[in-house]
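# Architecture and fold: a report
This is what each chain is made of:
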Amino acid sequence: MFAVIQTGGKQYKVAKDDIIIVEKLDAETGKKVSFDDVLMHGAGGDVKVGEPLVKGASVTGEVLEQRKGDKVIVFKKKRRQNYRRKKGHRQLETVVRITGIKG
């Protein structure tokens, strides 16, 4: 069984026991989280597609870790103007293990 969920402005195709990395969620390590924005779910040939969401469907998961992602370097430069700016950014993210799909 699989499901397509939406969180943090992105969509993820998940199955039971998958580990996904999503935008930061307000939950502590070890806590349960529920994703109610299920766009599609099914198994084999039996697939339900929502309009836009599947009613009554939800995906549960467990927070494994809160962390920062890899550093992204932002570099600005204007030629011949002696203008250079270098900045780094690390996005906050949450690691989640999918524990169940209901729907």
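Look up: the structure comes first, before these words.
Presented here is a report on the structure given in the accompanying data block. Source: prediction; values computed, not measured.

Looking now at the pairing of strand β8 (residues 83-102). Direction of pairing for strand β3 (residues 19-23) relative to β8: antiparallel, over a ladder of 5 bridges. Within β8, the residue paired with I19 across the bridge is R97. Two strands pair when backbone bridges link them, and strand β7 (residues 58-78) and β8 are joined in this way by 18 bridges, in the antiparallel orientation. Directly across from S58, in β8, lies its bridge partner K102. Here β7 hands over to β8 after 4 residues, with R80 in that stretch at a positive phi of 65°.

This part takes up the side chain of S58. Mapped onto the elements of the fold, S58 is located in strand β7. According to the relative accessible area criterion, S58 is buried, its value standing at 11%.

We now examine the packing of aromatic side chains. For the structure shown, the criterion picks out 0 aromatic pairs. Its end group placed over the ring of F2, K13 keeps NZ or CZ at 5.0 Å from the ring centre. Seen from the ring of Y83, K78 lies directly overhead, with NZ or CZ sitting 5.5 Å from the centre.

Take the pattern of salt bridges next. One pass over the full model with this rule turns up 4 salt bridges. We note a salt bridge from E23 to K10, for which the minimum N-O separation is 2.7 Å. With a gap of 13 residues between them, E23 in strand β3 and K10 in strand β2 (residues 10-15) connect regions that are remote in the sequence. Accessibility expressed as a relative area gives 36% for K10, which makes it partly exposed. In this structure, D17 and K16 form a salt bridge, with 3.8 Å as the shortest nitrogen-oxygen distance. Using a relative accessible area of 51% as the deciding quantity, one classes K16 as exposed.

The rules behind each value
- Residues numbered from 1 in each chain as written.
- Predicted model: local features only at pLDDT ≥ 70, side-chain atom pairs only at ≥ 80, totals over all residues.
- Heavy atoms only, no water.
- Pairing = 2+ DSSP bridges.
- Helix = DSSP H or I, 4+ residues; strand = E, 2+ residues; numbered from the N terminus.
- Buried < 20%, exposed > 50% of the residue type's maximum accessible area, 1.4 Å probe, protein only.
- Phe/Tyr/Trp six-rings, centres within 6.5 Å; stacked < 30°, edge-to-face > 60°.
- Lys NZ or Arg CZ within 6 Å of the ring centre and 35° of its normal.
- Salt bridge = Lys/Arg side-chain N within 4 Å of Asp/Glu carboxyl O.

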